[in-house]
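What follows is each chain in one-letter form.
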Amino acid sequence: MTDSLEKEKLFDEKGLRLDGRRVDELRPLKLEIGTLSRADGSAYIEHGRNKILAAVYGPRELHPRHRAIADRALLRVTYRMGTFSVGERKRPAPSRREHEISMVIRQALEPMLFLEMYPRAAIDVFIQVVEADGGSRCASTTVASIALANAGIPMRSIVTGVAVGKADGQLVVDLSDLEDKIGDADVPVAMAYGRNEYTLLQMDGKLSKEELAKALEMVEGAIETIYEKQQQVLREGFIQIREEISESEEPSSDEGDVPDTEIDETDMESADGD
Ligand code: ADP
């Protein structure tokens, strides 16, 4: 932290954050599933200027075999930042930070997966940060969770990540890169929202007990918004698959073979009218 950074203000004269957000406002969010064709499941997120891809392979045979677990699958998560993903070139070798973030994302996802359904198998999640903008471990958790769902891995709940913290003495949701770097505290959170269970809670900086409680209250609205977007993108994915399946099916002359999903009320009305 340099002196010039320390003096920088994080709120404008109207009380808004430097990117124009209110204290509890999320950065723009875009989610996509099925981005990669080779992976068993994949997803892409743009959260603020974070741009992150997640690819899931598995359940598949585990190599090396001696790492196999007799009664469940081994979940492996690899988080990597591209050398070009930050202002100054990042060294290509995996850093301690990347190892730590891979571990915390795995721990955030693991409790929601039914790993016991796949003894001795591996489920691999590769997360590639193309551009980083603060809160990348949270955005990575969000995108990895829907990539796992896209791979058809059974789960108790989707996991949703976002950071909360303190900047210029005020609690703020979804810290930007600058707020993360020169703010007073950064608290990455991941939750299985529908189950009201936290699966990731870290803290960098200082918050009082009361501030932490208030921060966790504030973050729930943001988690709910992201969770709904995750659900929406997965739902749209299923609708698309259903449409592709029904398009690829031969039209049948035998009414008994028509799948229920193809019958809607408008079809019934036009059939009645004919
Ligand atoms: P998170 O991305 O989860 O907030 P950190 O708090 O460790 O994780 O990092 C905050 C931000 O700092 C990152 O999102 C990224 O924009 C930036 N950053 C991380 N590592 C580097 C690096 N090696 N060089 C430049 N910037 C970095």
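Above this text is the structure in question.
This is a predicted model, so every value here is computed, not measured. (Residues numbered from 1 in each chain as written. Predicted model: local features only at pLDDT ≥ 70, side-chain atom pairs only at ≥ 80, totals over all residues. Heavy atoms only, no water.)

Caption draft 1: Geometry of helix H2 (residues 96-109). Taking 1.5 Å of rise per residue, the 14 residues of H2 would be expected to cover 20 Å, and the 20 Å separating its terminal C-alpha atoms lies within 8% of that figure. Taken together, the buried positions of H2 are occupied by Glu98, Ile101, Ser102, Val104, Ile105, Ala108 and Leu109. Looking at the buried positions of H2, the neighbouring elements they touch are strand E4 (74-81), strand E5 (121-131), helix H3 (136-150), strand E8 (185-192) and strand E9 (197-201). (Helix = DSSP H or I, 4+ residues; strand = E, 2+ residues; numbered from the N terminus. Expected span 1.5 Å × (residues − 1). Buried < 20%, exposed > 50% of the residue type's maximum accessible area, 1.4 Å probe, protein only. Contact = heavy atoms within 4.5 Å.)

Caption draft 2: Highlighting the packing of H3 against helix H5 (residues 209-248). Running from amino to carboxyl end, H3 crosses H5 at an angle of 25°, the nearest separation of the two axes being 11 Å. Considering their axes alone, H3 and H5 lie roughly parallel with respect to each other. When you trace H3 past H5, the crossing you get is right-handed. Where H3 approaches H5, its residues Thr142, Ser145, Ile146, Ala149 and Asn150 are matched on the opposing element by Ile226, Gln230, Val233 and Leu234. (Axes fitted to C-alpha atoms, helices over the stretch in contact; angles between N-to-C directions. Parallel < 35°, antiparallel > 145°, perpendicular 65-115°, else oblique. Left-handed = near helix turned anticlockwise from the far one by under 90°.)

Caption draft 3: Here's a closer look at a nonpolar patch on the surface. A cluster of nonpolar side chains, Phe238, Ile241 and Ile245, forms an exposed patch at the surface whose accessible area comes to about 310 Å². Counting through the fold element by element, Phe238 comes out in helix H5. (Patch = residues over 30% accessible without salt bridge, like charges linked within 9 Å, V, L, I, M, F, W, Y side chains within 5 Å. Areas by Shrake-Rupley, 256 points an atom, 1.4 Å probe, with all protein chains shown as cover. Salt bridge = Lys/Arg side-chain N within 4 Å of Asp/Glu carboxyl O.)

Caption draft 4: Molecular detail of the site of the ligand. Taken together, 14 residues surround the ligand, and among them Arg97, Gly134, Gly135, Ser136 and Arg137 come closest. One nitrogen or oxygen atom from the main chain of Gly134 is found 2.8 Å from an oxygen atom belonging to the ligand. Against a free-state accessible area of 530 Å², the protein chains account for coverage of 77% of the ligand. Listed by contribution, the elements that provide at least two residues to the shell around the ligand are H3 and helix H4 (177-182). Broken down by element, the shell around the ligand gets its largest block of residues, three residues, from H4. Tallied by class, the residues present in the shell around the ligand amount to three nonpolar, three polar and eight charged. (Near = heavy atom within 4 Å. Polar contact = N/O pair within 3.5 Å; in protein donor to acceptor, adjacent residues only side chain to side chain. Nonpolar A, V, L, I, M, F, W, Y, C, P; charged D, E, K, R; others polar.)

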